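Structural overview
Single-letter residue listing:
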Amino acid sequence: MTRILRTPSAGLCSGDDSLKGDVQVISVLIADDHAIVLGGLASLLDAEPGLTVTAVATDSREILPAARRVRPDVALLDVQMPGEYDGIDAAELLAHELPKTRVLMMTGLAAGVPGQVRRARAAGAAGFLPKTARPREVAAAVRRVAGGDTAYDPALVEEAEAIGPSPLTAREHQVLLRLARGADAKQIARELGLSLGTVRNHQTALLAKLGEGTPLAALRTAVANGWLPEI
């Protein structure tokens, strides 16, 4: 469900010179599928001097249409969103279509965050915070990204950078993705133009490198560490 809280005609969108008190307004779009979190964030930011929530969305498919309508300065997006794609995919779409809208990602997940941080950076997001961040930290991050700076949580960045690059070769990535999608070794051999023995060697090598016993477990590890996109 999308709710447009304020429209361009109300003078609270990006590029407008309207003031909230004596402070220039930063307009914010919030996307989160949890009503309590969404309402809490909206109330928090609306109560801050110079910040105004112009729209909220509860499904990833609603983010881009809402952003087109209200042209927010900042889009505060949850990573895990229902719909055709997640919040990071939405961030990438916004970066291409509405480059003046700065994106700040948030996550409440404990697992897979390094991969999310890597993906968010690649998608053009200006910041990334855990949902455990204090209210003043969230408001400060919104102001920083609106001003052209970045607002990545240092601990999350350190964790993402500590993991390092993928140990898999490009071919092993291809084999892993196909195994995880249910293809057997013969199908993979046909798709990639490889011998059956070569595919099995790649499978053995990638499982050993990731320290996992099954292709599905290996895929989860690779995605969590940011070595493969989520599928």
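Residues numbered from 1 in each chain as written. Predicted model: local features only at pLDDT ≥ 70, side-chain atom pairs only at ≥ 80, totals over all residues. Heavy atoms only, no water.

Some details on the overall build of the chain
Across its full length, the chain holds ten helices and nine strands. Burial analysis of the chain (231 residues in total) assigns 47% to the buried set. Partitioning the intrachain contacts of the chain with sequence separation of at least 6 by distance along the chain shows that 68% fall at a separation of at least 24. With an accessible surface of roughly 11100 Å², the chain has 52% of that area assigned to carbon and sulfur atoms. (Helix = DSSP H or I, 4+ residues; strand = E, 2+ residues; numbered from the N terminus. Buried < 20%, exposed > 50% of the residue type's maximum accessible area, 1.4 Å probe, protein only. Contact = heavy atoms within 4.5 Å. Areas by Shrake-Rupley, 256 points an atom, 1.4 Å probe, with all protein chains shown as cover.)

A closer look at helix α9 (residues 196–210)
The end-to-end C-alpha separation of α9 is 22 Å, in line with the 21 Å expected for 15 residues at 1.5 Å each. For α9, the elements touching its buried residues are α7 (170–180), α8 (185–192) and α10 (215–224). (Expected span 1.5 Å × (residues − 1).)

Structural notes on the nonpolar core
Core analysis: the biggest nonpolar cluster contains 30 residues, and Leu-29, Ile-63, Leu-77, Leu-94, Val-103, Met-105 and Phe-128 have the highest contact counts within it. Looking at this core element by element, the count peaks at five residues for helix α2 (residues 60–70). Grouped together as the second largest cluster of nonpolar side chains are 23 residues, Leu-51, Ala-133, Val-138 and Ala-139 included. (Core = buried A, V, L, I, M, F, W, Y, C linked by side-chain atoms within 4.5 Å.)

Here's the deal with the pattern of salt bridges
Applying the stated rule across the entire model yields eleven salt bridges. Ionic pairing is found between Arg-119 and Asp-89, a salt bridge with its closest N-O pair at 3.1 Å. One end of the pair, Arg-119, is in helix α4 (residues 113–123); the other, Asp-89, is in helix α3 (residues 87–97), with 30 residues separating them in the sequence. Arg-119 gets classed as buried once you look at its relative accessible area, which sits at 17%. Residue Asp-89 is classed as partly exposed on the basis of its relative accessible area, which comes to 30%. Among the charged side chains, a network of salt bridges with common partners joins Asp-32, Asp-78 and Lys-131. (Salt bridge = Lys/Arg side-chain N within 4 Å of Asp/Glu carboxyl O.)

Focus: the confidence of the model for the chain
Here the chain averages 88 in pLDDT, while 88% of its residues score no lower than 70. For the stretch residues 8–19, pLDDT sits under 50, and the model shows 27 contacts to residues farther than four places along the chain or on other chains. (pLDDT = per-residue confidence, 0-100.)

Thoughts on unusual backbone geometry
Although it is not a glycine, Arg-71 adopts a positive phi angle of roughly 50°. By the secondary structure assignment, Arg-71 is in the loop between α2 and β6 (74–78).

Some points on the environment of Glu-84
Of note, Glu-84 is situated in the loop between β6 and α3. For the pair Glu-84 and Ser-60, spaced 24 residues apart in sequence, the C-alpha to C-alpha distance is 6.8 Å. Sequence-distant contacts of Glu-84, defined by excluding residues within four places in its chain, comprise Ser-60 and Arg-61.

Observations regarding the packing of aromatic side chains
Applying the stated criterion across every chain yields a total of zero aromatic pairs. Over the ring of Tyr-152 we find Arg-121; its NZ or CZ atom is 5.4 Å from the centre of that ring. (Phe/Tyr/Trp six-rings, centres within 6.5 Å; stacked < 30°, edge-to-face > 60°. Lys NZ or Arg CZ within 6 Å of the ring centre and 35° of its normal.)

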